[in-house]
Amino acid sequence: MAGHSKFKNIMHRKGAQDKKRSAQFSKLSREITVAAKMGMPDPDMNPRLRAAVNAAKAQSMPKDNIQRAIDKASKGDAENYEEVRYEGYGPGGVAIIVEALTDNRNRTATNVRTAFAKNGGNLGASGAVSHGFERLGLIEYPAKVGDEEKVLEAAIEAGADDVESDTSEDGLHSIWTSVENLHPVSRELEKVLGEAEAVKLAWRPSLKAEVGESDAATLLKLIDVLDDDDDVQTVWGNYEISDEVMEKLG
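Quantities reported herein were computed from a predicted structural model and do not represent experimental measurements.

S.K.: Which parts of the structure should I look at to understand helix α8 (residues 213-228)?
M.R.: Residues that lie three or four places apart on an α-helix share one face, since the helix turns once every 3.6 residues. Between the first and last C-alpha of α8 there are 23 Å, a value that for 16 residues agrees with the 22 Å anticipated at 1.5 Å per step. For α8, the full list of buried residues reads Ala216, Leu219, Leu220, Leu222, Ile223, Asp224, Leu226 and Asp227.

So this is what it looks like as structure tokens:
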């Protein structure tokens, strides 16, 4: 889930963490297998696989699970997953992009369409909202790696385009690059800041939409339902929810 809110904290309070973790491992495994199948099974020779493995490590996924997911691709017994993108509108007209890895397009399309329909949104045609986003590279580090100045300096030296820092306890430094420079910049940053929590292609909204209290609860439910779908890898949105609204919902 990608947007601005205290949603992560709410998820912790809601519990069901074991189920969440299991689902997260399943999604990470799927990305590792697809990345290994598309390129070399060696993370050092395959940037997408390296990013997937690092993301799995950041979520404390066991090494055996990671290796199993890589082996699955090289043994040729992996399912044939397709990358699919869905676009639609959530409550309050919020633009949402859903990225999925699926072995059954019909199942995934039905699940995504139902999630939108039951939670105040509607699924649009391909290209319905993506024109309001930029396709960029995103590198994320936890706030604890250093203050804003240290990360900004490292990002400039590495050739990044922009940095957004949230230095709260659960905050992240988000470092933005062009798609082409994502992996070269991440390699340079690693020398200074260590392994990133995430290195991925992202959708960055050109304009943010402020979501009021009346729509926020339904929007978060929609994102929650989408995130819970096994086929959905990432949900991007152009929404912004104020701390005041989140406190009322919490």
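S.K.: Before we go on, may I ask you to explain the sheet that holds strand β6 (residues 162-165) in this structure?
M.R.: The pairing of strands in a sheet comes from backbone hydrogen bonds and takes either a parallel or an antiparallel form. Ordered in space as β6-β7-β5-β8, the 4 strands form an open sheet in which the pairing is antiparallel. The outermost strands of the open sheet, each flanked by one partner alone, are β6 and β8 (198-205). In this sheet, neighbouring strand axes are inclined to one another by 30° on average, regardless of whether the strands run parallel or antiparallel. As judged from the 4 bridges shared by β6 and strand β7 (residues 172-177), these two strands associate in the antiparallel manner. For Ser165, the partnering residue across the bridge sits in β7 and is His173.

S.K.: I keep staring at the UniProt feature "domain: TACO1/YebC-like second and third" (unreviewed entry) in the protein chain and nothing clicks. Help me out?
M.R.: Summarizing the sequence annotation, UniProt attributes the feature "domain: TACO1/YebC-like second and third" (unreviewed entry) to residues 81-238 in the numbering used throughout. Helix makes up 34% of residues 81-238 and strand 35%, and the two end C-alpha atoms of the span are 27 Å apart.

S.K.: What am I meant to see in the pairing of strand β2 (residues 82-89) here?
M.R.: Every regular strand shows the same layout, with side chains that alternate between the two sheet faces. Bridging between β2 and strand β3 (residues 95-102) involves 8 bridges; their strand directions are antiparallel. Across the sheet, the residue bridging to Glu82 is Thr102, located in β3. In sequence, β2 turns back onto β3 through a hairpin of 5 residues, with Gly92 there showing a positive phi of about 75°. Of the strand pairs in this sheet, β2 and strand β4 (residues 122-123) are connected by 2 bridges, and their pairing is antiparallel. Bridge pairing in β4 places Gly88 opposite Leu123.

S.K.: Whenever I open this one, the pairing of strand β5 (residues 133-142) confuses me. Can you help?
M.R.: Within β5, 8 of the 10 residues are buried, which leaves the element mostly enclosed by the surrounding structure. As paired elements, β5 and β8 share 8 bridges and run antiparallel to each other. Residue pairing in the sheet places Glu140 in a bridge with Ala198 of β8.

S.K.: Sorry, what's going on with the pattern of salt bridges here?
M.R.: When the charged atoms of two side chains lie near each other, side chains of opposite charge can form a pair. Counting across every chain of the model gives 15 salt bridges. Among the ionic pairs, Glu190 bridges to Arg50, the shortest N-O distance being 2.5 Å. With Glu190 in helix α7 (residues 182-193) and Arg50 in helix α3 (residues 47-58), the pair connects residues that are 140 residues apart, well separated along the chain. Its relative accessible area of 24% is what places Glu190 among the partly exposed residues. A salt bridge links Arg204 to Asp162; the nearest nitrogen and oxygen atoms lie 2.7 Å apart. A residue pair is termed long-range when its members are at least 10 positions apart, and Arg204 in strand β8 and Asp162 in strand β6 qualify at 42 residues. Note on Asp162: relative accessible area 31%, which makes it partly exposed. Beyond isolated ion pairs, a larger network of salt bridges with shared partners links Arg30, Asp103, Arg107 and Asp231.

S.K.: I keep staring at the nonpolar core and nothing clicks. Help me out?
M.R.: Inside soluble globular proteins, nonpolar side chains tend to come together where they are buried. With 23 residues, the main nonpolar core has Ile96, Leu219, Leu226 and Ile241 as its most contacted residues. Of all the secondary structure elements, the ones that give two or more residues to this core are β2, β3, α5 (105-118), α8, β10 (232-240) and α9 (243-249). The residues contacting Leu219, other than those within four sequence positions of it, are Pro91, Val94, Ile96, Val211, Tyr239 and Ile241. Ala51, Ala155, Ala158 and Ala196 belong to the second-largest nonpolar core, a separate cluster that totals 17 residues.

S.K.: Mind showing me how you'd approach unusual backbone geometry here?
M.R.: Excluding glycine, a negative phi dihedral is what most residues carry, and trans is how most peptide bonds are arranged. The phi dihedral of Ser60 falls on the positive side, at around 60°, and the residue is not glycine. Of note, Ser60 is situated in the loop between α3 and α4 (63-74).

S.K.: When you look at a negative patch on the surface in this model, what are you seeing that I'm missing?
M.R.: Taken together, the side chains of Asp147, Glu148, Glu149, Glu153 and Glu157 present a region of like negative charge at the surface. Along the chain, the position of Glu153 falls in helix α6 (residues 148-158).

S.K.: Explanation requested: the side chain of Asp231 in the structure shown.
M.R.: Within the secondary structure, Asp231 sits in the loop between α8 and β10. The class for Asp231 is buried, based on a relative accessible area of 2%. When sequence neighbours within four positions are dropped, the list of residues in contact with Asp231 reads Arg30, Glu99, Ala100, Leu101, Thr102, Arg107 and Thr108.

Reading the values: the criteria
Residues numbered from 1 in each chain as written. Predicted model: local features only at pLDDT ≥ 70, side-chain atom pairs only at ≥ 80, totals over all residues. Heavy atoms only, no water. Helix = DSSP H or I, 4+ residues; strand = E, 2+ residues; numbered from the N terminus. Expected span 1.5 Å × (residues − 1). Buried < 20%, exposed > 50% of the residue type's maximum accessible area, 1.4 Å probe, protein only. Pairing = 2+ DSSP bridges. Axes fitted to C-alpha atoms, helices over the stretch in contact; angles between N-to-C directions. UniProt positions renumbered as here; feature names shortened; annotations may be inferred. Salt bridge = Lys/Arg side-chain N within 4 Å of Asp/Glu carboxyl O. Core = buried A, V, L, I, M, F, W, Y, C linked by side-chain atoms within 4.5 Å. Contact = heavy atoms within 4.5 Å. Patch = residues over 30% accessible without salt bridge, like charges linked within 9 Å, V, L, I, M, F, W, Y side chains within 5 Å. Areas by Shrake-Rupley, 256 points an atom, 1.4 Å probe, with all protein chains shown as cover. Lys, Arg positive; Asp, Glu negative; His and termini not counted. Charge placed at Lys NZ, Arg CZ, Asp CG, Glu CD.

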